[in-house]
Amino acid sequence: MRISTATFQNDAVSQMDALEAALQQTQTELSTGSQIQNAADNPIGAAQVNQMNVEVSATTQYVTNSNLANTNLGLEEQALSNATSIMQNAISLATEANNSALSPANRADIATQLQQDLQSLTSIGNSTDSAGNYLFGGYSNTSPPFTQSGGTVSYNGSDQVIQVQISSNQSISGGDTGATAFMNIPTGNGTFTVSAGSTNTGAASIGGGTVTNPTTYAAAEAAGAGAYTISFSDPTDYQVTDSNGNVVTSGTYTDGGSISFNGAQVTLNGTPAAGDSFTVAPAGTSSAFSALSNLITTLNSTNLNNGQLTTQINAAVQQIQNSITNFSNVSASVGARINAITAAQSTATSVTTTLKTNISTLQSTDYTQATTQLSSEELALQAAQESYASLEKLSLFNYIQG
Amino acid sequence: MGDILSTSVSGLLAFQQALSVTSNNISNSSTPGYSVENIELAEQPGVGTGGGFFGNGVDVQSITRSYDEMLASQVRSSQSSYSSFSTLSTQAAQIDNMLSSSSTGLTATLQSFVNSLQSLSTQPASTAQRQVVISQAQALTTELQSYQSQLETQGSDLESQIGTTVGEVNTIATNIASLNGQIAAASGSGQTPNQLMDQRDALVDQLSQYVSVNAITQSNGEMDIYIGSGQPLVTDGSTQTLTATPDPNDASESDIGIAAGNGSVTNITSEINGGTLGGMLTTRSQVLDPTVNALGQIAVGLATVMNQQQAAGMDMTGAQGKPMFAVGGPQVLPSIANTGTSTVDATITNLSGLTTDNYKLTYSGTAWELQDTTSGQSVPMTGTGTSTDPFVAAGMSIVVNGTPDTNDNYVIKPTAGAVDGMSVLLTSPSQIAAASLGTASAATANTGSGTISTPTITDPTTWTSGTYTISFTDATDYQVTDSGGNVVASGAYTSGSSISFNSEQVSISGTPASGDTFTVGANTNANSGDNTNVLAMAADLNSKVLDGGTASLNDAANNLVSGMGVLTQQAQANATAQQSVNQTATNTRSNLSGVSLDDEAAKMLQYQQAYQACAQMIQASQTIFNSLISAITSG
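The rules behind these values
Residues numbered from 1 in each chain as written. Chains lettered and ligands numbered in written order. Predicted model: local features only at pLDDT ≥ 70, side-chain atom pairs only at ≥ 80, totals over all residues. Heavy atoms only, no water. Core = buried A, V, L, I, M, F, W, Y, C linked by side-chain atoms within 4.5 Å. Buried < 20%, exposed > 50% of the residue type's maximum accessible area, 1.4 Å probe, protein only. Helix = DSSP H or I, 4+ residues; strand = E, 2+ residues; numbered from the N terminus. Contact = heavy atoms within 4.5 Å. Patch = residues over 30% accessible without salt bridge, like charges linked within 9 Å, V, L, I, M, F, W, Y side chains within 5 Å. Areas by Shrake-Rupley, 256 points an atom, 1.4 Å probe, with all protein chains shown as cover. Salt bridge = Lys/Arg side-chain N within 4 Å of Asp/Glu carboxyl O. Buried area = accessible area lost by both parts, 1.4 Å probe. Polar contact = N/O pair within 3.5 Å; in protein donor to acceptor, adjacent residues only side chain to side chain. Nonpolar A, V, L, I, M, F, W, Y, C, P; charged D, E, K, R; others polar. Domains from an automatic or database assignment. Phe/Tyr/Trp six-rings, centres within 6.5 Å; stacked < 30°, edge-to-face > 60°. Axes fitted to C-alpha atoms, helices over the stretch in contact; angles between N-to-C directions. Parallel < 35°, antiparallel > 145°, perpendicular 65-115°, else oblique. Left-handed = near helix turned anticlockwise from the far one by under 90°. Pairing = 2+ DSSP bridges. Expected span 1.5 Å × (residues − 1).

Caption draft 1: Quick peek at the nonpolar core. With 96 residues, the main nonpolar core has F113(B), I225(B) and F325(B) as its most contacted residues. Here the element with the most residues in this core is helix α4 (residues 127–187) of chain B; it accounts for 17 residues. Not counting the four nearest positions on each side in its chain, F113(B) is found in contact with V133(B), Q136(B), A137(B), L140(B), L302(B), M306(B), M324(B), F325(B) and L541(B). Membership of the second largest hydrophobic core comes to 51 residues, among which are Y155(A), I162(A), I338(A) and I341(A).

Caption draft 2: Representation of a nonpolar patch on the surface within the structure. All names here are of chain A. Residues M1, I3, F8, L391, L394 and Y399 make up a contiguous nonpolar surface patch of about 710 Å² in total accessible area. Tracing the backbone through its elements, the reader meets M1 in the segment before α1 (5–32). Its relative accessible area of 89% is what places M1 among the exposed residues.

Caption draft 3: Spatial organisation of the interface of chain A and chain B. Contact with chain A, which involves 44 residues of that partner, is made by 56 residues of chain B. When the two sides are added together, the surface that chain A and chain B hide from each other amounts to roughly 4,200 Å², 46% of it contributed by carbon and sulfur. Taken as a group, R2(A), Y139(A) and F397(A) account for 16% of the area that chain A buries against chain B, more than any other trio of residues on that side. Run the count over chain A and chain B and you get 1 salt bridge. In this structure, R2(A) engages D599(B) in a salt bridge whose closest nitrogen and oxygen atoms are separated by 3.0 Å. Joining chain A to chain B, the criterion identifies 33 residue pairs in polar contact (both at pLDDT 80 or more). Of all the secondary structure elements, the ones that give two or more residues to the side of chain A that touches chain B are α1, α2 (43–97) and β3 (163–167) of chain A. By residue number, the principal contributor to the side of chain A that touches chain B is α2(A), which donates 13 residues. For the side of chain A that touches chain B, a count of residues per class yields 18 nonpolar, 22 polar and 4 charged.

Caption draft 4: Region of the structure containing the domain arrangement of chain A. We note that the domain assignment places domain 1 (58–187 + 318–348), domain 2 (192–283) and domain 3 (367–402) within chain A. Between the C-alpha centres of domain 1 of chain A and domain 2 of chain A the distance comes to 35 Å.

Caption draft 5: Looking closely at the packing of aromatic side chains. Residues and elements named next belong to chain A. Counting across every chain of the model gives 21 aromatic pairs over all chains. Between Y217 and Y228, the ring centres sit 6.4 Å apart and the planes meet at 50°, which makes this aromatic pair tilted. Taken together, the residues span a long stretch of sequence, with Y217 in helix α5 (residues 214–222) and Y228 in strand β9 (residues 228–234) at a distance of 11 residues. Comparing Y217 with Y228, the two get one shared label, buried.

Caption draft 6: Expanded view of the environment of S346(A). Relative to the helices and strands, S346(A) resides in helix α7 (residues 306–363). Between the C-alpha atom of S346(A) and that of D237(A), which follows or precedes it by 109 residues, the distance is 66 Å.

Caption draft 7: Geometry of the packing of α1(A) against helix α8 (residues 553–593) of chain B. One can describe the packing of α1(A) onto α8(B) by two numbers: an axis separation of 9 Å at closest approach and a directional angle of 160°. On the basis of the axis angle, α1(A) is roughly antiparallel to α8(B). Every pair of crossing elements has a handedness; the one defined by α1(A) and α8(B) is left-handed. Facing α1(A), whose interface residues are A6(A), T7(A), N10(A), D11(A) and S14(A), α8(B) presents Q583(B), N587(B), S590(B) and N591(B). Within the contact of α1(A) with α8(B), the residues separate by chemical class into 1 nonpolar, 7 polar and 1 charged.

Caption draft 8: Looking closely at the packing of helix α2 (residues 69–99) of chain B against α4(B). All names here are of chain B. At a minimum axis separation of 11 Å, α2 and α4 run at an interaxial angle of 170°. Taken together, α2 and α4 sit at an angle that is classed as roughly antiparallel. Side by side, α2 and α4 meet where Q91, Q94, I95, M98 and L99 of the first sit next to Y147, Q150, L151, Q154, L158 and Q161 of the second.

Caption draft 9: Structural detail: the pairing of strand β27 (residues 468–474) of chain B. All names here are of chain B. Here 4 bridges tie β27 to strand β32 (residues 517–522), and the two strands are oriented antiparallel to one another. The residue of β32 that forms the bridge with I470 is F518. With 5 bridges connecting them, β27 and strand β28 (residues 477–481) associate as antiparallel partners. Opposite S471, over in β28, you have Q479 as the bridge partner. Hairpin connection from β27 to β28: 2 residues lie between these consecutive antiparallel strands.

Caption draft 10: A look at helix α9 (residues 597–634) of chain B. For α9(B), with 38 residues, the first-to-last C-alpha span of 54 Å sits near the 56 Å given by 1.5 Å per residue. Burial in α9(B) covers these residues: E600(B), A601(B), K603(B), Y607(B), C614(B) and S621(B).

Caption draft 11: Fine view of the sheet that holds strand β14 (residues 331–334) of chain B. Residue and element names in this part refer to chain B. The strand order across the open sheet built from 5 strands is β14-β21-β16-β17-β18, with neighbouring strands paired in antiparallel fashion. Looking at which strands have only one partner, the edges of the open sheet turn out to be β14 and β18 (378–379). Relative to strand β21 (residues 409–413), strand β16 (residues 359–363) runs antiparallel, the two being bridged by 4 bridges. The residue bridging L361 from the neighbouring strand is Y410, located in β21.

Caption draft 12: Summary view of the side chain of S66(B). Residues and elements named next belong to chain B. Tracing the chain through its elements places S66 in the loop between β4 (58–65) and α2. Exposure remark for S66: the relative accessible area of 14% places this residue in the buried category. Ignoring any residue separated from it by four or fewer positions in sequence, one finds S66 in contact with S35, V36, N38, L592 and S593.

Below, the structure written as C-alpha cells:
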C-alpha cells in the first residue's frame, strides 16, 4: 500500500495534537481540582451536583429557620415557667387566706399581694423576643396582646400563630397564642364547677367534686340536664334538681359526706342551714387572669360568710391549679417542638454531610487517578514526538550521491 | 543509424520530460490539492521490414494525474460533516460554559431567592428581610438578562457569520464556474488540463467546508455543483447566487435562498446541511432558539407564580399584594408578505401548558392553523379566535381581529421575549404581601376547644372581603353564613379538613362545641406577623408548575443546564468521530494522489539512468556514423 509523504506527516501531527489536548484536559482537572468544568464534561453528573447543591442550600436555610424558632420557643418556655411560679405563689397566699380566723383587713392585705401577682402575670403575657415582638400575640405581635381594664385582663392578639418550616416536609408553630396559654383554661374539674348560693346563711362549703362516670354525666347533659342545684330543706336533707326542675336524687347529708348524682360526686363540709343551695354547673373556660382577679374580689368582699368564702377560695384555687396545668401542657408542647427542631437539625447535619460527600465524589478530581493519567499521557506524547523526529529523517534522497 | 538516432533522441526527449514531471511532483510535494502527475509513455508505431517490425522509439502520450472522484467525494462529505459538528460544538460549548457554573448559576440563584422568602417567613414584618427578598429578585432578573444578552450577541454574531459564509460560497462558486470555462476550452486540445483541474478540486474541497456539496463532472470536463437537496449552484457555465435575506417574519434571522437567473429567490434554509453553514443553521434552531425560549419559560413561570401569590396576600401597607415581576409577553411576528388586514394578539393563560417551541399561525383560506415550527407538527386549537372565545393552544390564548388573506401568517414565540421585558416591579420592601388577605378568629364565648387556621385565598379575582360566620349547629355539623345571613356552605365537621367558600379556604381543628362560632373576614392588620402567604410563595416555587405539572422552576433550570451539556458533549463526540473519518478519507485520497518523495526519488534515478543511457546511445550512433563516413571518405 502506497503511503504519501503527506499522509505520514498529517497522521503524526494529528496524533500529537490529540495527545496534547488530552494532556491539557488532565492538567486542568489537576489544577482546578474539579472533574466537571462544564456540564458537557459529564452532563448527568453536573445535573446531580446542581441538584445536590440546591438541596444543601435549602437544608441550611431550614436550619436557620429552626434556630430562630428555637430561640423564641425557649423564651416562651421561660415565660410559662415564670407564670407557673407566680401562680404557685398565689396558691400559698390563697391557702393563707382560707383561715376563718383572719380579719377582713388581713384578707385585704393578701388581696393586695395577689394584685401584684396579677400585674406580674399580665407582664409575662406581654413578654417580647429580642426583636421586640410580643411572644403571645400570635400574628398581632407589634402591640401588647393583654390589656387590663378595671379588674379584667382581655386578649387582643390573633388566634393564629406563625408557622415555621424546619425541614422540607415539617412545619411547627413558632409559639402559642395568648388565648391558648392564658385564656381558654377549663374551669372547675374540667367537667363541672361548683359554687355556693349567694344567699346561703349556713357554714357549709362545697369541694371541687369528681366525675365518677363521665359517660353518664355527658348523657344527662346531652339530654338537657344543665346546671344542677343541691337544695337543703333542713341541715340534713337535700334534694338535687336539674335545670328543668326535675328532681334527680335526694337524701340525707352528714358533715363531710358526699352527694352523688348522674355520674357526678361532690363533697360538702360543715353544716348547711335550711334554704341553702349549691350549684353544680357544666364547666366552661376562663382565663388565668380571672382566676386571680376572682380571688382578689372574693378576698376584698365584706359580705360573705365563711362557707361562701371557703367555697369561693377553693374554686379560685382550683382555677389557679387548672392554669398551672394548662401552662404545663403548653410547656410540654413547646418542649416537644424544641425536640422536633433538635431532631430536624440533627437530620439536616447528617444529610448535608452525605450530600457534600456525594458532590465531592462526582465533582472533585481523583488526584491519584489523574496524576497517573498525566504521566501516561506525557509518556505517550513523548514517544510520539521522538518517533516522529526519527522517522521524519528517513528519505531516499539522503542516499543519492552526486 | 538514423533509426538509432531518432529512437534515442525520442528516448532522450521522453526521459527529459519524465524528469520534468518528476521535478514538478517533487516541487509540489507540499502543495495542498496537488495530485501526483504521471507521464504516460507509449511505444511509437513500428516499421515493418522483411526482417521484422522495428520499433521507433518512445512517445509521450499524456500527463495524467492520479485522482479518484469517489475518494475525493468521500473527503468532501466527511469534511462537511466534520465542519458542521465542529461549528455546532464550538457554539454549543459557549452556551454550555455560560450556563455551567454551579455556584453562581441559575439553579443557585433561584434557590437563593427561595431561601430569602423562607428567611422572611420567620420574621414577616422585618423590613431588612423584605429588602433581601427584593434584592434577590433583582439578582435573579439580572442573571437571566445577562444570559439573554450573551445569547443575543452570539445570535447576531452567528447571523453575520452566515452572511459572510454565503458571500464566500458565492465567490468560490464564481471561481469554479470560471475554471469550468477554462477547463472546457483547454480540454478541446485533447489533453486534460491537470493544473486547472487540481485548482478546481481544491475550490470544491474548500466549498465543502462551508456547505455539503454534490459535484458531478460532465463529459465536457465541466463540473456541476449542487447543494442542499439538489439545488444547482454551478451548472452549464453559469452560477446561481446563494442569498442570505431577512426572514419575512423575523428580520433578525437570515433565510438562505437561491436566486435564479430571473431574480426570483427560493428559500432553501431547511435544505441546507453540512459545512459551517449547516452547523450555524442547526445552532440557531436547535441551540440558540430553544435556550432563549427555555430561559423565557423560567422567567414566565417565576413571574406568574409570584404575581398570583402576591395577589392572594396583603402587604405591609394593608393593600392587596401587587405583581412582583413584569415579563415580556409572547412575540407575534407578522410576515412582511401578509396582504390581509388581520391583527393577532397572544397572551399566556396556562403556565403548565407552555412549551419552549416556536409556532406559526397561518390562514389557510378557510381557517387559521397553528404549526409548531420547532417540531414541524401541527397543533390543534380550541375556540374561535374572538376575544370572548380565543384560540387556546400551547398555554396561550390567541385573539385574531380583522380579515386575513390566504397564506397570511404570523410567527408566535411564546417565551422568547420574556426575559428582555423582565423587571422587578416592587420598589419598597413593604410591598411584599407576606400575610393572607383574610383573617379568622374564634368567638371568645366559645366553650369548645376548636381553633381556626388562617384563611388562604384560592382565587383573588373572585374573592370578596365580606365577613362570614362559621357556626356549629352541633358538635359535628357546621354552617357558613355571609353577612346577610345567607348560608353559603355547610357540612359535617372533621378536625383539620378544609372548609371552602368565597374563593377561600380555612380549616378548624380540635373539638368545637355546639353553638361555637368562628368569624372569617378581611385582614385589616397591616403590621401582621402573618406569614402564610410568603410560606405559600416559597412552596409554589418548589412545586411542579411547568410542563404539565412535571417540572418545578428549579427542575427546568437544571434540565436546561444538563440538556445543553448533553448536546455539547454529543456534538463534540460527533465532531471527533467525523474528524477521524475525514482524516482516514484524506489519507486514503492522499495515498493515491499525494506525492511520495521516496517514490519520486526512485523514479528520478530511473529516468536519469535511462536518459544517460539514451545519451550514450546517441554518442554510439555518432560513432557508428563517423565510422561509416571515414570508411567512405578514406576509400
